[in-house]
Amino acid sequence: MPTYWHRLSTKEALDLLDSSRNGLNANIAAERIVQYGRNELREGRKRGIAGIFLSQFKDIMILILLAAAIISGFIGDLTDTVVILFIVLLNAIVGFFQEYHAEKAMLALKQMAQTQARVFRNGAVIAVPAPELVPGDIVLLEAGNAVPADLRLLKAVQLKLDESALTGESQSVDKTSDQLFTDDLPVGDKINMAFKGTFVSYGRGTGIVVATGMQTELGRIAAMLQEEETRTPLQERMAAFGKNLSIIVLVLCILFFLAGWWRGEDPVTILLTSISMAVAAIPEALPAVITISLALAAKRMVRFNSLIRKLPAVETLGSVSYICTDKTGTLTRNKMHLEQVLVNGRRYKRNELDGIKHTGDLPLFLQAIALNNDTVTTAEDTLTGDGTEIALMELALELNTDTSGWPRVAEIAFDADRKLMTTFHRHGEKIIAFTKGAPDILLQYCTEKNKEAVLLQVDEMAAEGMRVLGFAYRYWDALPENPEAGVHENEQHFLGLTGMIDPPREEVFDAVAQCKSAGIVPVMITGDHALTAKTIAQRIGIISNDKEMVVTGQELAAMRAEQFAADVERIRVYARVSPEQKLQIVKALQQKGHYVAMTGDGVNDAPSLRRANIGIAMGISGTDVSKEAAHMILLDDNFSTIIRAVKEGRRIYDNILKFIKFLMTSNLGELLTLLIGPLIGLPVALLPIHILWINLVSDGLPAISLSYERAEKNVMRRPPRPVSQGIFEGGIGLHMLWVGVLMAVITLIAQAWCIRNNMHWQTIVFNILCICQLGHVLAIRSQKSSLSLRALFSNKLLIGAVIFTLLLQFIVTYSPLLQPVFKTEALSFSEFIFVGAVSSIVFIAVEIEKALFRKRKSA
């Protein structure tokens, strides 16, 4: 089957598919459905509910915890087993629901594609379910119909199709049945084709089915949707971290067990200690804390019109280095605005017209734009109709144009071939005809002598990104009978031109500037024409110098892969690109090491939304398919909302790093305490239940509260975090090492002191490790600033979590009901004071570290 159906004449298309305008007979249709398959979108291999749930247990840290739980159960320590299994199961349930809700994009596509079609079969018109259509079927189209397959149009009577879901083009497209002669046209320019998944907004027509199912444009998009999603920055870094940590833990535990066995110690005791080490080293609370923190951030983001569908998207926003955004409605208002007119031989800006509205041809020009217009005023006093005509009428109303004495008596409707519309009006004793349309065609019917000068003005206005319409008039002594195009549109007098554009949103200028100051490159990808796109891009600052490129879909198709890879970081505007090319753009930027955010609203955007590091769908104009494929939905379709979301993403990512630093420092302190203690002759400091308590409760609640920390002052004045930068870079690893060592040293010294002085040493060690970690979390709230009284209460939730954790620790230590469970003993007043004094050392040490850092920076 040929790819270039638009290049074939209607006869060639019919002959190639062995069909006729009377359609196929039932027998041939039955044979072809066997040959080509049903007109349905096929799904790729999908995991069932059980598969999605079981995949949550593949993480090596989870497997080590499960092994620890099983071994603990075998040797009789059921408390640890139950607690560990509860944590693992909770994490699996959260992950399961997150993935399960992300599996709906193909379902939405399939539902969108299910329609009935009216076709010619055996020379008669019958209704056929869309899945039973085959190549060669002749389909009838009318206003309101969904196009059931890809069609080469055989007849188009004032036919307009809404292709916005497929191409992103907001305006309905005028269709024709004429043969086209250009090979590599984007979907939006194939005006003699109708595509599956689009809708007839006006007129009627017939077409021959040329592609069904997965061979349609919609099917190609469905195939691309089955590509793997990319992992988020944190997922990649945590996966690498988890793998390395697990290997280290296993090696240490095995060495510790072998060393104890070699020394002749009790194997069960050594095994329990090894399990304690594994539990101490693995941050059980970390997956849950990250998930809860992302969920809390997602809830906050709804307040500024960002709906998060996939939780990891929150932190991905903080690493984004390229934002590829649609133009219409996102950067612009999605509303045409008349900016300039050419009348009386010169161009005027809109704000200049009020002072000259009674001069020369301008009064008649205003009548033309108001009368040759099909907008309707609703009961609420708003205008409805075509966006271009609304913009024209708004100017006429703004200048108080009175049309009451100009009734319409006839018209010659617009059609795509001649690109003109004419209306006839009675005015006094005469009839006046107003014609509007494409200026180059309109001038052919005018008596204007200086046509070259007018066309030069048209080119200049078009070069500024404006959509240009021409207007002309002619007086008649009487109304022509049955007015016809080409007969009653001649010998007109040229009136003037209008220049319209969909202007940028006011808040976009600042948003683009913030984007650039944050080291993020904004890129426009639009279905609009290159000139219009370039004009908007220059106005709002996306293009700021001559080195930044504008590329069309056709130019991109002609580029060699090496050339595109070399230029991709300089291209700021892509115009008239296909779904495959959008996917190609995302992949090319990712291969350069960038994290890419991609916005979209149509079915055509779904593959690139899914492939992007963060796909952002439009909440107002977006299709269900794009929303299901996206990670995040903009409820107001506004680019500036993305920038606010990026700021929130950076804030939450900074806070995630803070609680990773907090949790891992705590775990390192516990691990070193357990590892070094027996090597220097001390008993094992903590039981597995103590470690789980510290890791889940004493660490977990403050860690979650850290997610409420305010953004650092420079959060939007620094570049995105590099892709290659690990979790422990930027001083985090060094901080964790020295603070973890400090925790272990003071704990072991305290343990030795308490044993020597016959104190409740294990309960004291348990409390010291817990409380010094609470001091640590207060100290690391800011990377640089000291903890002042004002800063202390800027995150009231954290203060509450610290106080609540201290209260829980007090209850675990002193409650007779819990003492047997946690193997604790009540501390004396002097022991309690000792715990407080020793625990404060970590807080004081970290505050000194920050003071030294500030001193070095100011030196």
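It should be noted that the structure appears before, not after, this text.
Keep in mind that what you see is a predicted model, and the values were worked out from it rather than measured. (Residues numbered from 1 in each chain as written. Predicted model: local features only at pLDDT ≥ 70, side-chain atom pairs only at ≥ 80, totals over all residues. Heavy atoms only, no water.)

**So, the sheet that holds strand β10 (residues 337–343)**
For step 1, the next point in the chain: Reading across from one edge, β11-β10-β18-β17-β16-β15-β14 is the order of the seven strands in this open sheet, with antiparallel pairing throughout. Edge positions in the open sheet fall to β11 (346–349) and β14 (408–412), since each of these has one partner strand only. Averaged over all pairs of adjacent strands, the angle between their axes in this sheet comes to 25 degrees, without regard to strand direction.
For step 2, the next point in the chain: Where strand β17 (residues 467–476) meets strand β18 (residues 493–501), seven bridges bridge the pair, whose relative direction is antiparallel. If you follow Leu469 over to β18, its bridge partner there is Thr498.
For step 3, the next point in the chain: Strands in contact with helix α13 (residues 362–371) are β10, β14, β15 (420–427), β16 (430–437), β17 and β18; relative to β18, the strand with the most contacts, it is inclined by about 60 degrees.
For step 4, the next point in the chain: In the packing of helix α14 (residues 387–398) onto the sheet, contacts are made with β10, β15, β16, β17 and β18, and the angle to β10 comes to roughly 65 degrees. (Pairing = 2+ DSSP bridges. Helix = DSSP H or I, 4+ residues; strand = E, 2+ residues; numbered from the N terminus. Axes fitted to C-alpha atoms, helices over the stretch in contact; angles between N-to-C directions. Contact = heavy atoms within 4.5 Å.)

**Re the pattern of salt bridges**
For step 1, the next point in the chain: In this structure the tally under the stated criterion is 30 salt bridges.
For step 2, the next point in the chain: We note a salt bridge from Arg350 to Glu398, for which the minimum N-O separation is 2.7 Å. Highlighted residues: Arg350 in the loop between β11 and α13 and Glu398 in helix α14, separated in sequence by 48 residues.
For step 3, the next point in the chain: Connected through salt bridges with shared partners, the residues Glu217, Arg220 and Glu580 form a single ionic network. (Salt bridge = Lys/Arg side-chain N within 4 Å of Asp/Glu carboxyl O.)

**Re the side chain of Lys436**
For step 1, the next point in the chain: One can find Lys436 in strand β16.
For step 2, the next point in the chain: You can call Lys436 buried: its relative accessible area is 8%.
For step 3, the next point in the chain: Apart from the residues within four sequence positions on either side, Lys436 is in contact with Asn372, Asn373, Glu389, Leu392, Lys419, Leu420, Met421, Gly470 and Phe471. (Buried < 20%, exposed > 50% of the residue type's maximum accessible area, 1.4 Å probe, protein only.)

**Re the packing of aromatic side chains**
For step 1, the next point in the chain: Within the structure shown, the criterion is met by seven aromatic pairs.
For step 2, the next point in the chain: Judged by centre distance (6.3 Å) and plane angle (35 degrees), the ring pair of Trp406 and Phe434 falls under tilted. Highlighted residues: Trp406 in the loop between α14 and β14 and Phe434 in strand β16, separated in sequence by 28 residues. Comparing Trp406 with Phe434 shows no difference in burial state: the two are buried.
For step 3, the next point in the chain: Both rings, one in Phe810 and one in Tyr814, keep their centres 4.6 Å apart while their planes meet at 35 degrees; by these two values the pair is tilted. With a gap of four residues between them, Phe810 and Tyr814 both fall in helix α30 (residues 796–814), about one helical turn apart.
For step 4, the next point in the chain: Since its relative accessible area comes to 24%, Tyr814 is described here as partly exposed. (Phe/Tyr/Trp six-rings, centres within 6.5 Å; stacked < 30°, edge-to-face > 60°.)

**Quick look at helix α18 (residues 530–540)**
For step 1, the next point in the chain: What α18 keeps buried is the set Thr532, Ala533, Thr535, Ile536, Ala537 and Ile540.
For step 2, the next point in the chain: Buried residues along α18 sit in contact with α16 (451–463), β18, α17 (508–517), β19 (521–526) and β21 (571–575).
For step 3, the next point in the chain: In the segment just after α18, Gly541 is the residue with positive phi, at about 100 degrees.

**With respect to the packing of α17 against helix α24 (residues 639–679)**
For step 1, the next point in the chain: Interhelical geometry of α17 versus α24 gives an angle of 35 degrees and a closest axis separation of 8 Å. α24 is crossed by α17, and the crossing has left-handed handedness. For the pair α17 and α24, contact is made by Val508, Ala511, Val512, Gln514 and Cys515 and by Phe639, Ser640 and Ile643, respectively.
For step 2, the next point in the chain: When grouped by side-chain class, the residues that make up the contact of α17 with α24 number six nonpolar, two polar and no charged. (Left-handed = near helix turned anticlockwise from the far one by under 90°. Nonpolar A, V, L, I, M, F, W, Y, C, P; charged D, E, K, R; others polar.)

**What about the sheet that holds strand β9 (residues 322–325)?**
For step 1, the next point in the chain: Here eight strands make up an open sheet; going across it, the order is β8-β24-β23-β22-β9-β19-β21-β20 and the pairing mixed. The sheet is open, and its two borders are formed by β8 (306–308) and β20 (549–552), each paired with just one other strand. Within the sheet, the average angular offset between the axes of one strand and its neighbour, ignoring direction, is 20 degrees.
For step 2, the next point in the chain: Note that β19 and β21 share three bridges and pair parallel. Bridge pairing in β21 places Met524 opposite Val573.
For step 3, the next point in the chain: In the packing of α18 onto the sheet, contacts are made with β19, β20 and β21, and the angle to β19 comes to roughly 155 degrees.

**Let's talk about unusual backbone geometry**
For step 1, the next point in the chain: You will see that Gln158, though not glycine, has its phi angle at about 45 degrees, which is positive.
For step 2, the next point in the chain: Mapped onto the secondary structure, Gln158 falls in strand β4 (residues 150–162).
For step 3, the next point in the chain: Residue classification places Gln158 among the partly exposed positions, given a relative accessible area of 35%.
For step 4, the next point in the chain: Even without a glycine there, the phi angle at Arg576 is positive, about 55 degrees.
For step 5, the next point in the chain: Taking relative accessible area as the criterion, Arg576 reaches 15% and is therefore assigned buried.

**Remarks on the environment of Ile501**
For step 1, the next point in the chain: Along the chain, Ile501 turns up in strand β18.
For step 2, the next point in the chain: By relative accessible area, which is 1% here, Ile501 ends up buried.
For step 3, the next point in the chain: Through-space distance from the C-alpha of Ile501 to that of Phe199 is 25 Å; in sequence the pair is 302 residues apart.
For step 4, the next point in the chain: Ignoring any residue separated from it by four or fewer positions in sequence, one finds Ile501 in contact with Lys335, Met336, His337, Glu339, Glu464, Gly465, Met466, Thr535, Ile536 and Arg539.

**Observations regarding α30**
For step 1, the next point in the chain: The terminal C-alpha atoms of α30, which comprises 19 residues, lie 27 Å apart, in line with the 27 Å expected from a rise of 1.5 Å per residue.
For step 2, the next point in the chain: Looking only at α30, the buried set comprises Leu798, Ile799, Ala801, Val802, Thr805, Leu808, Gln809, Val812 and Thr813. (Expected span 1.5 Å × (residues − 1).)

**Topic: a nonpolar patch on the surface**
For step 1, the next point in the chain: On the surface, a cluster of nonpolar side chains totalling about 460 Å² of accessible area is made up of Leu734, Leu737, Val741, Val745 and Ile749.
For step 2, the next point in the chain: Here Leu734 lies in helix α27 (residues 732–756). (Patch = residues over 30% accessible without salt bridge, like charges linked within 9 Å, V, L, I, M, F, W, Y side chains within 5 Å. Areas by Shrake-Rupley, 256 points an atom, 1.4 Å probe, with all protein chains shown as cover.)

**Observations concerning the environment of Ile247**
For step 1, the next point in the chain: If you trace the backbone, Ile247 turns up in helix α9 (residues 233–262).
For step 2, the next point in the chain: The spacing of Ile247 and Val821 is 574 residues in sequence and 31 Å in space, taken between C-alpha atoms.

**Things to note about the pairing of β19**
Within a regular strand, the side chains alternate between the two sheet faces.
For step 1, the next point in the chain: Along β19, six of the six residues are buried, which leaves the element largely enclosed by surrounding structure.
For step 2, the next point in the chain: Neither face of β19 is exposed, since Val521, Val523 and Ile525 on one face and Pro522, Met524 and Thr526 on the opposite face are all buried.
For step 3, the next point in the chain: By the bridge criterion, four bridges tie β9 to β19 in an arrangement that is parallel. Residue pairing for β19: Ile323 is matched across the bridge by Pro522.

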